[in-house]
Amino acid sequence: MICRKCTIFFIILMLSLPYTYGGCVLVFSSGDVKKEKDPEDDESPTVFAGSMSPAVIDSTNAKDLSGGAFAGGMTRFEAESGGSNKGSRVTPIGTFWPLRLPMVLKNSLQKAEITGPAVAFFKPAVETRSGTIPGSCGGSLSYSIDIIDESNSFNGSFRFEYYCDHGITISGETDFDGTYGIDSGDIRTAYFSFADLADGNITLDGDMSLDLLHPPTTVVLSAYSKDIESGQVYWIKDYAMNITEFAGYIEIEIFGAFYHPDHGYVDLTTNEPFIVHHEDDWPTSGLLGIEGQENTRAELTALNQLTYSVAADTDGNGVFDWDSRILNWME
């Protein structure tokens, strides 16, 4: 009987692990040899049926892995090389939604006016607000929010209907909760959970946390990204971003792990922050590094708002022996 109870407890504990997230901790892994993920330490998600082993980065997958790590999932589109070889075809990066989506969700909370006027003679214990907000470039956002004055917290839900903002259009629903400042009324933290949040090319199933207390804005995203046309699922795990807003541009750093269904997973880190100007869809500069099995690695370099390149060390000797030449972010 005791062993049976222990077994049941262990199963419940293991099932709860993929849905438990702590604060924003950026974890860097090092060592000469990467080991396959231990299922007891990191249980495979039921919706991800791809490889759980570390990827061996080579000339055939360096673009897919670095592009997917940067954009949080692959797309079905193809683009031509920006160089002289017009016949070569490569897999490009999809819409830069890892940056755009947190900005849309944060702005949605601000537009919904979570806290309202800072001074009032009487505030109910729980105040419910609802409404509809038009997108800056089309569509609409409907919201319902409960504001709890005693704990300076809130919770509610958004429903996006082809809602266009910050260069992306999304549809679907997300639940959220968070906290706001006692005196300022500014949003301090927010947590979002969503299933089938779609941008037309991919659907997202996962959660995201925002820490707005001090700059930079800290975002932690864990989600399964499904290509709508192919049905393939990619896993963005503990995808942490530091986002700093300046006059005219945004600076972003990305860390975490990216799982490709065919090639396996890579760990990623930002070697040079990416700069995205407000008028551009893509970064004008920045450097992302990914690391796989046997010390193989690759680097994605933003050359300007139109092009990027990828270089790879395919034999793990510390020297880049392959490069993609110039590639277009999008055609």
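As the structure is a prediction and not an experimental result, all values here were calculated from the model.

Conventions and cut-offs
- Residues numbered from 1 in each chain as written.
- Predicted model: local features only at pLDDT ≥ 70, side-chain atom pairs only at ≥ 80, totals over all residues.
- Heavy atoms only, no water.
- Helix = DSSP H or I, 4+ residues; strand = E, 2+ residues; numbered from the N terminus.
- Buried < 20%, exposed > 50% of the residue type's maximum accessible area, 1.4 Å probe, protein only.
- Contact = heavy atoms within 4.5 Å.
- Phe/Tyr/Trp six-rings, centres within 6.5 Å; stacked < 30°, edge-to-face > 60°.
- Lys NZ or Arg CZ within 6 Å of the ring centre and 35° of its normal.
- pLDDT = per-residue confidence, 0-100.

1. Considerations on the side chain of Ser324
Examined against the element boundaries, Ser324 turns out to sit in the loop between β16 (322-323) and β17 (327-328). Assessed through its relative accessible area of 11%, Ser324 is described here as buried. Those residues in contact with Ser324, other than ones at most four positions away along the chain, are Lys63, Ser309 and Val310.

2. What to know about unusual backbone geometry
Cis geometry is adopted by the peptide bond preceding Pro216, which originates at Pro215 and carries an omega value of 0 degrees. Position of Pro216 relative to the elements: it lies in the loop between β8 (202-211) and β9 (217-227). Its identity is not glycine, yet Asp238 carries a phi of approximately 50 degrees, on the positive side. One can find Asp238 in strand β10 (residues 233-246). Judged by relative accessible area, which is 37%, Asp238 ranks as partly exposed. Look at Asn295: it is not a glycine, yet its phi comes out positive at around 65 degrees.

3. Considering the packing of aromatic side chains
In this structure the tally under the stated criterion is 16 aromatic pairs. Across from the ring centre of Phe320, 4.4 Å away, lies the NZ or CZ of Arg297, which sits over that ring.

4. A closer look at the confidence of the model for the protein
Looking at the protein as a whole, the pLDDT averages 80, with 75% of positions reaching at least 70. Within the protein, no element has a lower average pLDDT than strand β1 (residues 79-80), which sits at 33, and none a higher one than strand β13 (residues 285-291), at 98. In the predicted structure, residues 74-94 sits below a pLDDT of 50 and forms 62 contacts with residues beyond four places in sequence or in another chain. Taken together, the stretch residues 117-121 has pLDDT below 50 and engages in four contacts with residues farther than four places along the chain or on a different chain.

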